[in-house]
Amino acid sequence: MADHDDHRERLLTLMEALIGAFAYVQAMLEDLPLPITLPDFAPGDDEEGPTVALLGLDRVRQLIQDEPIPERDKRAWEHLVLDWFAAYELLVITRMAGPAPWRLDAAEFAINRIVTWTELIEDDEPDDDES
């Protein structure tokens, strides 16, 4: 039973991290030269909330191509979004099918890649001191 509780706690922790990453990505998108606004991701509020946010995040993959940013950053954005979706899908499957350590490990790995992509994208942005 303790193992099941550990998996459940880890699932909740990973879902919180993923939702936090979504909010961070929202803020980053609003700081682009051509700002992109995403609806809030609010699981549990209603059926429409997450769906609208997920569709908006998917649209980012198209919109980012019009941004006046380096190609490297466009690819990083593409990978960031796909890693976010991979982590989300794995956590949803885990919630539905039950805990499986490999699903949680893979979701955590995808979340870590999201962090890496955000760092890569932010490294290209000039600091306020440099302007």
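Right above here is the structure, for reference.
Everything numeric in this text was worked out from a predicted model, so none of it was measured.

So, how was this worked out
Residues numbered from 1 in each chain as written. Predicted model: local features only at pLDDT ≥ 70, side-chain atom pairs only at ≥ 80, totals over all residues. Heavy atoms only, no water. Helix = DSSP H or I, 4+ residues; strand = E, 2+ residues; numbered from the N terminus. Expected span 1.5 Å × (residues − 1). Buried < 20%, exposed > 50% of the residue type's maximum accessible area, 1.4 Å probe, protein only. Patch = residues over 30% accessible without salt bridge, like charges linked within 9 Å, V, L, I, M, F, W, Y side chains within 5 Å. Areas by Shrake-Rupley, 256 points an atom, 1.4 Å probe, with all protein chains shown as cover. Salt bridge = Lys/Arg side-chain N within 4 Å of Asp/Glu carboxyl O. Lys, Arg positive; Asp, Glu negative; His and termini not counted. Charge placed at Lys NZ, Arg CZ, Asp CG, Glu CD. Phe/Tyr/Trp six-rings, centres within 6.5 Å; stacked < 30°, edge-to-face > 60°.

**Topic: helix α3 (residues 71-97)**
Here is step 1: For α3, spanning 27 residues, the distance from its first C-alpha to its last is 39 Å, which sits close to the expected 39 Å at 1.5 Å a residue.
Here is step 2: Note on α3: the residue one or two positions beyond its end, G98, has a positive phi of about 100°.

**Looking at helix α4 (residues 101-123)**
Here is step 1: Under the 1.5 Å per step criterion, the end-to-end length of α4 is 33 Å for 23 residues, consistent within 8% with the ideal 33 Å.
Here is step 2: For α4, every residue scored as buried is listed here: R103, L104, A107, A110, I111, I114, T118 and I121.

**Details of a negative patch on the surface**
Here is step 1: Residues D5, D6, E9 and E16 make up a contiguous surface patch of negative charge.
Here is step 2: Relative to the assigned elements, D6 resides in helix α1 (residues 2-30).
Here is step 3: On the accessibility criterion, D6 (52% relative accessible area) is exposed.

**Some thoughts on the pattern of salt bridges**
Here is step 1: Tallying each qualifying case throughout the model produces seven salt bridges.
Here is step 2: The residue R61 makes a salt bridge to D58 at a minimum N-O spacing of 3.0 Å. Note that R61 and D58 are positioned in helix α2 (residues 48-63) at a spacing of three residues, about one turn of the helix.
Here is step 3: Its relative accessible area of 31% is what places D58 among the partly exposed residues.
Here is step 4: Shared partners join several salt bridges into a network, and the residues in it are R10, D105 and E108.

**A word on the packing of aromatic side chains**
Here is step 1: The tally for this structure, following the rule as stated, stands at six aromatic pairs.
Here is step 2: Look at W84 and F85: their rings are 5.9 Å apart centre to centre, the planes differ by 85°, and that puts the pair in the edge-to-face class.
Here is step 3: For W84, a relative accessible area of 1% gives the class buried.
Here is step 4: Joined through ring pairs, the aromatic side chains of F22, F41, W84, F85 and Y88 make up one cluster.

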